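Below are the chains, spelled out letter by letter.
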Amino acid sequence: MKKLSILLLVLLGVLTYGFAQETNSSRLSKVVIDPGHGGDKPGAKGRKSLEKDINLSVSLKLGELIKNHLPDVKVVYTRTKDVDVDLIKRSQLANKEKADIFISIHCNAAKNPYANGTETFVMGLAKTQANIEAAKKENADILTEANYAENYDGFDPNSPESNIFFALYQNAYLEQSLSLADKIQKHFTSNTKLFDRGVKQAPYLVLYKTSVPAVLTEIGFISNEKEEKYLNTEKGQYEIAASIFQAIYSYKNKIEGRRMDTPHIADLIPHKVIKDEEEKIRMEKEKEKRKREEEEKLKAEQEKTKDTTSVEGETNEVIYRVQIFVDKNKISSNDSRLKGLDDVWMYFDNKIWKYTSGNFKSFSQANEYRNKLKGKGYKDAFVVIFYKNERITLDKAKEIEQNNNK
Ligand SMILES: [Zn+2]
């Protein structure tokens, strides 16, 4: 009996530990910003970028916005460089600093390349398999941490029961965390074109050990080509950072009972960033226009060559030639590569000029010539077949020849 009551006392102690810590919830004067991953833990990988780099850039922009527009709020980062920091140390920093809020910044990834949007998590039991998987991916980082079993109370991220592990967990800051998460999603949605996946709960270890109001925000999918591109632009990163900043600002208003207008997004993004983005879009349009013009020019040239090179005219014969090399440019007939070759003929295909030699009535004749050319150093020579100046396959050639012989 005595044993049981001690156990109950201990349990009660564990469950209320979080509540006892809740002392400074009526002000917001310190924020811990946690750029996810770092160093040899890159997080999710995109086509051109790594999650850890985007997380850091957005985090630094958020910190800069807080310093400039909320000077009474102190900013502490878990990392400011490309280094790996154990998840346990990130939580411990927030606790040690007695931060008022903790914000972990991450990018999402999925096998489905069209998965998109933003979502913000608070610590809790995941309700869907997708959310369990999401947390699992982020939690896997602890596997290389020393003493991870000890630091996370025996938690094993690989265990199928990893979600159940947190069944007894009580989030002492659930309400505040949810309020902040809600505001972040709301501002993402009004400032960006990113889809709103909502506020969710999942057992993220970096939140589990943080005993202050804490959220983990996934700012978009690095596995989605369009979102990866957006997340790598200065403007995109500022829009995300400014959205989180506005959420912090209005959260501060709420808990401190302030009546301050949340700064407008246009006043949070540096003018130069917007101007540079506009210039980039203008340049891209210009480049596209030039590309279109170039393509039209090449097409016209191709049409012209079709007329001038069809020396044989439109015959019903299949013609066998030997392709010897290709060149981006139309070369001169004096070019050394054409020296001593008979019946040189070129055609334009796939945006390049392809040069051939010989003019035969059968594959075997052409192939014999090909072997001769190989001996002369045209190592890549091979037989190509034409009918009415269009390249055709050997099967098609046989079919035409059969019909011609009827
Ligand atoms: Zn991550």
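These numbers were taken from a predicted model, which means no experiment stands behind them.

Enquirer: I would appreciate a short explanation of the domain arrangement of the protein in the present structure.
Expert: It is common to give the size of an interface as the accessible area that goes away when the parts come together. For the protein, the assigned domains read domain 1 (2–269), domain 2 (272–309) and domain 3 (311–404). Between the C-alpha centres of domain 1 and domain 2 the distance comes to 44 Å. Taken together, the contact pairs six residues of domain 1 with five residues of domain 2. In this assembly, domain 1 and domain 2 are joined by zero salt bridges.

Enquirer: Can you help me understand the coordination of the zinc ion in this one?
Expert: Geometrically, a metal with four donors at the corners of a regular tetrahedron has ideal angles of 109.5 degrees, and one with six donors at the corners of a regular octahedron has ideal angles of 90 or 180 degrees. Distances from the zinc ion to its protein donors, namely H37 (NE2), E51 (OE), H106 (ND1), E138 (OE) and E138 (OE), fall within the range 2.1 to 2.5 Å. Mapped onto the sequence, the donors of the zinc ion take the spacing H-x13-E-x54-H-x31-E. Note that H37 is positioned in the loop between β1 (30–35) and α2 (51–69) and E51 in helix α2, a separation of 14 residues in sequence.

Enquirer: Can you help me understand the sheet that holds strand β11 (residues 390–392) in this one?
Expert: One key point about sheets: their strands pair by backbone hydrogen bonds, in either a parallel or an antiparallel sense. One open sheet accounts for five strands, arranged β8-β9-β7-β10-β11; its pairing is antiparallel. Only two strands of the sheet have a single neighbouring strand rather than two, namely β8 (345–349) and β11. Neighbour to neighbour, the strand axes of the sheet diverge by 45° on average, direction disregarded. The sheet contact formed by strand β7 (residues 318–327) and strand β9 (residues 352–360) spans six bridges and is antiparallel. For Q323, the partnering residue across the bridge sits in β9 and is T356. Where helix α11 (residues 363–375) meets the sheet, it contacts β7, β9 and β10 (382–387), and its direction lies at approximately 25° from that of β7. Most of the contacts of helix α12 (residues 394–404) go to β7, to which it runs at about 155°, and overall it touches β7, β10 and β11.

Enquirer: What am I meant to see in the packing of aromatic side chains here?
Expert: A ring pair, where both rings are aromatic, is described by two values, the distance of the centres and the angle of the planes. Evaluated as defined, the whole model comprises 14 aromatic pairs. When the ring of Y347 is compared with that of F386, the centres are 4.9 Å apart and the planes differ by 75°; the resulting orientation is edge-to-face. Linking Y347 in strand β8 with F386 in strand β10, this pair joins segments that are 39 residues apart in sequence. Taken individually, Y347 and F386 each receive the classification buried, so the pair is uniform in this respect. Members of the aromatic cluster, connected to one another through ring pairs, are F155, F165, F166, Y169 and Y208. It is R321 that lies over the ring of W345; its NZ or CZ is 3.8 Å from the centre.

Reading the values: rules and limits
- Residues numbered from 1 in each chain as written.
- Predicted model: local features only at pLDDT ≥ 70, side-chain atom pairs only at ≥ 80, totals over all residues.
- Heavy atoms only, no water.
- Domains from an automatic or database assignment.
- Contact = heavy atoms within 4.5 Å.
- Salt bridge = Lys/Arg side-chain N within 4 Å of Asp/Glu carboxyl O.
- Donors = N, O, S within 2.8 Å, 3.2 Å for Na, K, Ca; no water.
- Helix = DSSP H or I, 4+ residues; strand = E, 2+ residues; numbered from the N terminus.
- Pairing = 2+ DSSP bridges.
- Axes fitted to C-alpha atoms, helices over the stretch in contact; angles between N-to-C directions.
- Phe/Tyr/Trp six-rings, centres within 6.5 Å; stacked < 30°, edge-to-face > 60°.
- Buried < 20%, exposed > 50% of the residue type's maximum accessible area, 1.4 Å probe, protein only.
- Lys NZ or Arg CZ within 6 Å of the ring centre and 35° of its normal.

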